[in-house]
Amino acid sequence: MKKIIAVALATMTAGAATAQDLDICVEGAYPPFSQTEADGSVTGFDIDIANALCAEMGASCTMVKTDWDGIIPALQEDKCDAIIASMSITEERKQVIDFSEKYYSTPAIFLAEEGAFADDSPETLADAVVGVQRGTIHQNFMEGEYPEVELRLYASQDDTYLDLTSGRIDAIMADSVTMDEGFLQTEDGEGYAFFGEGYSIPEYHGEGVGVGVRQSDTELRDDFSAAIAAIRESGEYDQIASQYFDFDVYGGGN
C-alpha cells in the first residue's frame, strides 16, 4: 500500500471528471463482487452496482478491468474516473484519494483446512503461514495484529486459494463473503472452513466499501453518494444484492 500511495502522490494533478462519460476501474478477480467470464466480460455485484449508479446519475460508463496493485495509480493517472472494486474506505487511502459513502460492509475472517486450528489467537497461529492479497486491509490487519506470523502476499485473491489447496500456505485472511461465495461454495473449497471470529476493526478495515474518486472530484464523489442513497431508497440496491446474497450485505451503521 505504501508503494501505491507513493505513486499516487506523484500524480495528484489529475483533472476533474464529469458525471456524463465515466470510465470505472474494476478488478474482475474477486467473486462474487467481480469476476472475469470466459468471453472476457466482467460480472458481479460491484459491476451491477456500478451500472445502477451510473444509470441513476445519467452517466455513460465503461468498465476498465485493472489489476488490484495498479488500481489507485490508474485512477490518479486518469486511466479511469472512479474505482468500484470492493475498496474499503480507510484513513491511509484517504491520504491520496476520496470516497463516496459506503455501498456495503462485510467482516474479515480466517480460512483454513477444516479443524487445522483450534482458534485464531496469535499464539495458535504463531507457526502458521498465512496468505493475503497484497495492498489490502487484510495485509494491514495481519501486520498490525499478527506480527509473528509468516505472511505471504499475493496479487489476487484467487492466487491465495491456489496456494492454500496446494499446501503452500496454512490459512488465508480475507473478506468472509468473497471466500464463502468464491471458494467455500465451490468444489475446491470442500474440506475447508472459517475459524475464529469475524473482524471489522475501523483502524484496519475502515468504514465499509465505497466508490473511490480523485480528491479533486468532490462533485463526482457527492454524485456517487447521492446515487447510492437513491438506489437504496428505490429498492434497486436490494434487488441487486438479493441476486448474490441471502443476508444484508450493506451492513449496519450509515
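The structure displayed is predicted, hence computed values, not measured ones. (Residues numbered from 1 in each chain as written. Predicted model: local features only at pLDDT ≥ 70, side-chain atom pairs only at ≥ 80, totals over all residues. Heavy atoms only, no water.)

Colleague: Any chance you could break down unusual backbone geometry for me, citing the residues and the numbers?
Modeller: The peptide bond linking P31 to P32 adopts the cis configuration, its omega dihedral lying at 5 degrees. The residue P32 is located in the loop between β2 (29–30) and β3 (34–36) in this model. Of note, D78 is a non-glycine position whose phi angle comes to about 65 degrees, a positive value. Examined against the element boundaries, D78 turns out to sit in the loop between α3 (71–76) and β6 (82–88). Unlike most non-glycine residues, S86 shows phi in positive territory, near 55 degrees. As for its position among the elements, S86 is in strand β6. For S86, a relative accessible area of 10% corresponds to the buried category. (Helix = DSSP H or I, 4+ residues; strand = E, 2+ residues; numbered from the N terminus. Buried < 20%, exposed > 50% of the residue type's maximum accessible area, 1.4 Å probe, protein only.)

Colleague: Before we move on, could you go through the sheet that holds strand β5 (residues 60–65) and cite the residues and values that matter?
Modeller: On the basis of which strands lie adjacent, the open sheet formed by 5 strands has the order β5-β1-β6-β13-β7 and mixed pairing. Strands at the two margins of the open sheet, each flanked by one partner only, are β5 and β7 (98–104). Each strand axis lies, on average, 30 degrees off the axis of its neighbour in the sheet, ignoring direction. Two elements, β6 and strand β13 (residues 209–213), share 3 bridges in a ladder whose sense is antiparallel. Paired with S88 across the strands is V209, a residue of β13. (Pairing = 2+ DSSP bridges. Axes fitted to C-alpha atoms, helices over the stretch in contact; angles between N-to-C directions.)

Colleague: So what's going on with the pattern of salt bridges? Residues and values would help.
Modeller: For the structure shown, the criterion picks out 11 salt bridges. The partner of K94 in a salt bridge is E91, with the nearest N and O atoms 3.1 Å apart. The exposure class of E91 is exposed, given its relative accessible area of 55%. The closest approach of N and O atoms between E207 and K94, which form a salt bridge, is 3.1 Å. With E207 in the loop between α7 (202–205) and β13 and K94 in the loop between β6 and β7, this residue pair connects regions lying 113 residues apart in the sequence. Using a relative accessible area of 45% as the deciding quantity, one classes E207 as partly exposed. Judged by its relative accessible area of 28%, K94 falls in the partly exposed class. Connected through shared salt-bridge partners, D78, D81, R214 and D217 make up one network. (Salt bridge = Lys/Arg side-chain N within 4 Å of Asp/Glu carboxyl O.)

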